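# A closer look at the structure
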Amino acid sequence: MTILDGKKTSADIKAEIAEKVKELKAQGKKTPHLAAVIVGNDGASKTYVGAKVKACELVGFDSTLIELPTETTEAELLAKIEELNNNDAIDGYIVQLPLPKHIDEHKVLLAVDATKDVDGFHPTNVGRMALELPTFLPATPYGVMELLERYKVPTSGKNVVVIGRSHIVGRPMSILMSQKRAAGDATVTVAHSRTANLKELTLKADIIVVALGVAEFLTGDMVKEGVTIIDVGITRLDDPSKKNGFRLAGDVHFESVAPKAAFITPVPGGVGPMTIAMLLKNTLLAGENRA
Ligand SMILES: Nc1nc(=O)c2c([nH]1)NC[C@@H]1CN(c3ccc(C(=O)N[C@@H](CCC(=O)O)C(=O)O)cc3)C=[N+]21
């Protein structure tokens, strides 16, 4: 059993990016600049955005964190987005999701300039991804592809089951893995809450990507020997024995699944850190495209 070490792989990628930034600086060129907008004060969201800003500092990017109160109106957020679109210093930016319920997420994502959309969530970029045109790939699926590629996990002709059909993980994951590309060429099934007999599917799967947000959902009895497991879930479970009061759980019941797996991502230290590394990669690309 091989652990797909996202923490180490993301550190490798960040070192590669830091090297590129050094070259840019030596040539007197502009440093990539990422901005992140967060509305409200959800604890987990704040942790993730904080980690993104810290990663920028590590690789030598400029970064701007824009924190807006929960009561921010949709119009106010759209005005801030317009400002970022027009700000020449900003190469790319993200609007952290989820947004408060009174704000229309689709409207916000549509307002983001597609050339600065380093999350890859704008419909234009989703379309470009589906058509295999150059674009910003959404960071989490991109990170999974990169992890599979760097560990040389065989995907060509393999049966993949993606559990979850979200716009930011499950759906793009299924598109990318079915494409003719590195870590692609797979035969992909998308499973979801209406799927009949999920276990029948997962027992036949060579690779399972679990992205539904239910802690420890996938158990050992649902997988075959030699399976590859990608755990995208990350849930905070109350744990009074921990100093912060919670522990992180993935969508995979690691103890029962890992002994049967050929490759498996841990939580934490798997897909999460890869997401951040790929966001940086997209920001580097955004800077190159603008220069
Ligand atoms: N516009 C937008 N873009 C996103 O990319 C986005 C988002 N909204 N909303 C929330 C999700 C979630 N997400 C994570 C990023 C890093 C970790 C990460 O680094 N996790 C660490 C643990 C971090 C911890 O201690 O909680 C790990 O898995 O090892 C997790 C989750 C990005 N997201």
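About the cut-offs
- Numbering of residues starts from 1 in each chain and follows the order in which that chain's sequence is written.
- Owing to the predicted nature of the model, reporting of local features is limited to residues with pLDDT of at least 70; listing and counting of side-chain atom pairs is limited to 80 or more, with chain, interface and lining totals taken over all residues.
- To obtain the side-chain values, all non-hydrogen atoms of the structure were used and water was disregarded.
- Strands are runs of DSSP state E lasting at least 2 residues, helices are runs of H or I lasting at least 4, and numbering of each runs from the N terminus.
- Burial classes follow relative accessibility: with a 1.4 Å probe on protein chains only, a residue under 20% of its type's maximum area counts as buried, one over 50% as exposed, and anything between as partly exposed.
- UniProt positions are given in the numbering used here, feature names are shortened, and annotations may be inferred rather than shown by experiment.
- Whether a set of points on the 1 Å grid over the protein atoms alone is a cavity depends on a 1.4 Å probe fitting there but being unable to get out, while an open set qualifies as a pocket with protein on both sides within 12 Å along at least five of seven lines; lining residues are those with an atom within 4 Å of a point.
- Here a residue-residue contact requires only that any non-hydrogen atoms of the pair lie within 4.5 Å.
- Definition of a polar contact: a pair of N or O atoms within 3.5 Å, with one able to donate and the other able to accept a hydrogen when the atoms are protein atoms, and with sequence-neighbouring residues admitted only if both atoms are side-chain atoms.
- Note that the domain bounds reflect an automated or database-derived domain assignment.
- Pairing between two strands requires that DSSP report at least two bridges joining them.

Moving on, we get to the environment of Asn-86. As for its position among the elements, Asn-86 is in helix H3 (residues 74-86). Judged by its relative accessible area of 58%, Asn-86 is exposed. Sequence separation of Asn-86 and Lys-52 is 34 residues, and the distance between their C-alpha atoms is 22 Å.

This brings us to the UniProt feature "binding site: NADP(+)" (unreviewed entry) in the chain. Mapped onto the present numbering, the UniProt feature "binding site: NADP(+)" (unreviewed entry) falls at Gly-164, Arg-165, Ser-166 and Ile-234. The subset of the named residues that lines the largest pocket consists of Ser-166 and Ile-234. One can find Arg-165 in the loop between strand E5 (159-163) and helix H7 (170-178). With residues near it in sequence (within four places) discarded, Arg-165 still touches Gly-170, Arg-171, Val-190, His-192, Ser-193 and Arg-194. A distance of 3.4 Å separates a polar atom in the side chain of Arg-165 from a polar atom in the side chain of His-192. By the secondary structure assignment, Ser-166 is in the loop between E5 and H7.

It is worth spelling out the domain arrangement of the chain at this point. Examined at the domain level, the chain breaks down into domain 1 (28-114) and domain 2 (139-272). Computed over C-alpha atoms, the centres of domain 1 and domain 2 are 28 Å apart.

Another aspect to go through is the side chain of Ser-45. Within the element layout of this structure, Ser-45 appears in helix H2 (residues 43-59). Dropping the residues within four chain positions of it, Ser-45 is found in contact with Ile-38, Gln-96, Leu-97 and Pro-98.

Here we take up the environment of Ser-166. A relative accessible area of 29% means that Ser-166 is categorised as partly exposed. Between the alpha carbons of Ser-166 and Leu-212 there is a distance of 8.1 Å; along the sequence they are 46 residues apart. Apart from the residues within four sequence positions on either side, Ser-166 is in contact with Arg-171 and Pro-172. In terms of polar contacts, Ser-166 uses its side chain to reach the backbone amide nitrogen of Val-169, at 3.0 Å. Reaching out from Ser-166, the side chain makes a polar contact with the backbone nitrogen of Gly-170 at a distance of 3.3 Å.

With respect to topology, six strands assemble into an open sheet ordered E1-E11-E8-E7-E5-E6, the strand pairing being parallel. A single partner strand is all that each edge strand has here, and the edge strands are strand E1 (2-3) and strand E6 (187-191).

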